[in-house]
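What the coordinates show
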Amino acid sequence: MRTILVGSDHAGFELKNVLKDVLTARGLQVIDVGCDSETSCDYPLFAQDVARRLTSGEASMGVLVCGTGIGMSISANRFRGIRAALCTSEFHARMSRAHNDANVLVLGGRVTGSGLAKAILEAWLDTPFEGDRHKRRVDQIDAM
Ligand code: RB5
């Protein structure tokens, strides 16, 4: 069974729960690193937890949600090997997989409604990396 890591802060908590239902309905095993309520908390800690677990091989993909998605993106992308993509459309989601081999999907709970967020997640999960010239570019990123 494929495992996927999820994390959020308080502003992404509600949307994270919606997305967890989508993931489990698809037969994925979900590891939720927190947070566990809408009590104010610090997004970098959850981004870091997902990034570290991903790079240690606990899972191959992750989903992070904060209010805008920006703080989670900035934080997760500090980690070598993490390619976190903040997506606000299905097109972003497909391209982030096909061209960038994004291994973390980031969403903004205060930006993207649950219906669109679910469609973004489905598109992201369903799109394979195209490799070829895109692999060369991703390798350049990972070498930085
Ligand atoms: C929390 O208020 C908010 O700053 C956070 O969820 C996120 O949007 C940061 O980028």
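Below: a short report on this structure. Computed from a predicted structure; not experimentally measured.

**Brief notes about the packing of helix α4 (residues 90-98) against helix α5 (residues 114-126)**
Between α4 and α5, the least distance of the axes is 8 Å, while the angle of their chain directions is 20°. Relative to α5, the element α4 is oriented roughly parallel. Of the two possible hands of crossing, α4 and α5 adopt the one that is right-handed. Contacts between α4 and α5 involve Glu90, Ala93, Arg94, Ser96 and Arg97 on the former and, on the latter, Ala119, Ile120, Ala123 and Trp124. Split into classes, the residues belonging to the contact of α4 with α5 amount to five nonpolar, one polar and three charged.

**Comments concerning the site of the ligand**
All residues in the neighbourhood of the ligand are listed as Asp9, His10, Ala11, Tyr43, Cys66, Gly67, Thr68, Ile70, Gly71 and Arg110. At 2.7 Å, a backbone N or O of Gly67 approaches an oxygen atom of the ligand. In isolation the ligand offers 290 Å² of accessible surface; the protein chains occlude 72% of this area. Looking at side-chain class alone, the shell around the ligand contains four nonpolar, four polar and two charged residues.

**Looking at the sheet that holds strand β5 (residues 104-108)**
Read from one edge of the open sheet, five strands run β2-β1-β3-β5-β4, paired in parallel fashion. Pairing within the sheet leaves two strands with one partner each, and these edge strands are β2 (29-32) and β4 (84-86). Recorded for the sheet is a direction-independent mean angle of 25° between the axes of neighbouring strands. As defined by bridge partners, strand β1 (residues 3-8) adjoins strand β3 (residues 61-66) across five bridges and the pair is classed as parallel. Residue Gly7 lies in a different strand from β3, and its bridge partner there is Leu64.

Rules used in this analysis
Residues numbered from 1 in each chain as written. Predicted model: local features only at pLDDT ≥ 70, side-chain atom pairs only at ≥ 80, totals over all residues. Heavy atoms only, no water. Axes fitted to C-alpha atoms, helices over the stretch in contact; angles between N-to-C directions. Helix = DSSP H or I, 4+ residues; strand = E, 2+ residues; numbered from the N terminus. Parallel < 35°, antiparallel > 145°, perpendicular 65-115°, else oblique. Left-handed = near helix turned anticlockwise from the far one by under 90°. Contact = heavy atoms within 4.5 Å. Nonpolar A, V, L, I, M, F, W, Y, C, P; charged D, E, K, R; others polar. Near = heavy atom within 4 Å. Polar contact = N/O pair within 3.5 Å; in protein donor to acceptor, adjacent residues only side chain to side chain. Areas by Shrake-Rupley, 256 points an atom, 1.4 Å probe, with all protein chains shown as cover. Pairing = 2+ DSSP bridges.

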